[in-house]
Amino acid sequence: ATNVALPVFLQETNTPQLSRTVLNRSEMLLEYNIANAIAQVSKKAKEKIAFLLGNDEHIGMDMVSALGALGTYYYLDTLNINHVNAIPNQYDLLVINNPEQPFDAVQQYKIDQYLVNGGKVIMALNGAYGTLDSFNAEGRYNAINNDVNLGPLLFHYGLRVNNDVIADGAEHEM
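Figured I'd write up the structure that's included with this text. (Residues numbered from 1 in each chain as written. Predicted model: local features only at pLDDT ≥ 70, side-chain atom pairs only at ≥ 80, totals over all residues. Heavy atoms only, no water.)

### Section: the overall build of the protein chain
Phase 1: A count of helical and extended segments in the protein chain gives five helices and six strands.
Phase 2: The N-to-C order of helical and strand elements in the protein chain reads α-β-α-β-β-α-β-β-α-β-α.
Phase 3: Against the 2.2 N^0.38 benchmark of 16 Å for 174 residues, the protein chain shows a C-alpha radius of gyration of 21 Å, more extended than a compact globule.
Phase 4: Its C-alpha atoms give the protein chain principal-axis dimensions of about 50 × 50 × 30 Å.
Phase 5: Here the protein chain has roughly 12400 Å² of accessible surface; of this, 53% comes from carbon and sulfur atoms. (Helix = DSSP H or I, 4+ residues; strand = E, 2+ residues; numbered from the N terminus. Rg over C-alpha atoms; globule rule 2.2 N^0.38 Å. Areas by Shrake-Rupley, 256 points an atom, 1.4 Å probe, with all protein chains shown as cover.)

Following this line, the structure appears as C-alpha cells:
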C-alpha cells in the first residue's frame, strides 16, 4: 500500500477578508470535503474512465476543466467504438458525451455487451437542438429532433430519450 495524503481546506477561498458568506459556504462544504478525502485515500487503485468516440462526440475546450478535475481521481482515456471488436472491461466507466451521429446496430451491441458484463455508462445526450436565430427573429424557438438511435438499446433497460427543450428560466428567457 502506498501512503497517500490529501489536503482538506477549512476555508473554501483564500481571501484575507472573511465574510459571512465565505464562512457559511466553507462550513457547508467541510463535511463533503472530509468525506471526499477519506474516499480518495481509501481507494485501492484509480478507476479507469473511457470517453467514447466514433459518433462525433464532443471532447472540446468546454470540457478541459472537467477533464482536469476528473484526471486527479481517475485514469482517463478515449475509445473509438469503430476500432474495437468489443468495449474492454478494463474500463470502470464509459462516457458517451453528446454524440451527433446515429449509432448503428453493431455499435449498440458493443455498448449492450459492455453493460451486460457489468460495465457502467454515463450518457449525456441532446434529444433536440436548435439555434436562437429563429427565436430572436420570430419570437419562437424551433427545436429539431436529434435522434442518435440509442432508443432500441435504452428501451431494454427501461429508459428513453425525450426531445424536450429544457432551459434555465433564470438564465434564458423564452
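### Things to note about the nonpolar core
Phase 1: Leu 52, Leu 79, Ile 87, Leu 94, Phe 103, Ile 111 and Leu 150 are the most contacted members of the largest nonpolar core, which has 16 residues in total.
Phase 2: Elements supplying a minimum of two residues to this core: strand E1 (47–53), strand E3 (93–97), helix H3 (105–116) and helix H5 (151–155).
Phase 3: Contacts of Phe 103, omitting those with residues within four sequence positions, involve Leu 52, Asn 55, Glu 57, Ile 96, Gln 108, Ile 111, Val 148, Asn 149 and Leu 150.
Phase 4: If you look at the next biggest cluster of nonpolar residues, it comprises five residues, including Ile 49, Met 63, Leu 93 and Val 95. (Core = buried A, V, L, I, M, F, W, Y, C linked by side-chain atoms within 4.5 Å. Buried < 20%, exposed > 50% of the residue type's maximum accessible area, 1.4 Å probe, protein only. Contact = heavy atoms within 4.5 Å.)

### A look at the sheet that holds strand E4 (residues 121–124)
Phase 1: Pairing within the open sheet is parallel, and its four strands lie in the order E2-E1-E3-E4. In this open sheet, the two edge strands, each paired with only one partner strand, are strand E2 (74–80) and E4. With strand direction ignored, the average angle separating the axes of adjacent strands in the sheet is 20°.
Phase 2: Of the pairings in the sheet, the one linking E3 to E4 comprises four bridges and is parallel in character. Directly across from Val 95, in E4, lies its bridge partner Ile 122. (Pairing = 2+ DSSP bridges. Axes fitted to C-alpha atoms, helices over the stretch in contact; angles between N-to-C directions.)

### Observations regarding the side chain of Ser 26
Phase 1: Topologically, Ser 26 is positioned in helix H1 (residues 20–42).
Phase 2: When sequence neighbours within four positions are dropped, the list of residues in contact with Ser 26 reads Leu 10, Gln 11 and Glu 12.

### Comments concerning unusual backbone geometry
Phase 1: Not every positive phi belongs to a glycine, and Asp 56 is a case in point at roughly 60°.
Phase 2: With phi around 60°, Asn 149 is a residue other than glycine that occupies positive phi space.
Phase 3: Residue placement: Asn 149 occurs in the loop between strand E6 (144–145) and H5.
Phase 4: What makes Asn 149 partly exposed here is its relative accessible area of 30%.

### Some points on H1
Owing to its 3.6 residues per turn, the α-helix brings residues three or four apart onto one side.
Phase 1: Across its 23 residues, H1 extends 33 Å between first and last C-alpha, which sits within 8% of the 33 Å expected from 1.5 Å per residue.
Phase 2: Turning to H1, its buried residues are Val 22, Ser 26, Asn 33, Ala 37 and Gln 40.
Phase 3: Check the buried side of H1 and you find it contacts helix H2 (64–73). (Expected span 1.5 Å × (residues − 1).)

### So, the pairing of E1
Phase 1: Direction of pairing for E1 relative to E2: parallel, over a ladder of seven bridges. Following the sheet pairing, Ala 50 is matched in E2 by Asp 77.
Phase 2: What joins E1 to E2 is H2, and the crossover it makes is right-handed.
Phase 3: With three bridges joining them, E1 and E3 adopt parallel strand pairing. (Right-handed = clockwise from strand over helix to strand, strands pointing away.)

### Re a nonpolar patch on the surface
Phase 1: Taken together, the side chains of Val 4, Leu 6 and Val 41 define a hydrophobic patch exposed on the protein surface, amounting to about 220 Å² of accessible area.
Phase 2: Within the element layout of this structure, Leu 6 appears in the segment before H1. (Patch = residues over 30% accessible without salt bridge, like charges linked within 9 Å, V, L, I, M, F, W, Y side chains within 5 Å. Salt bridge = Lys/Arg side-chain N within 4 Å of Asp/Glu carboxyl O.)

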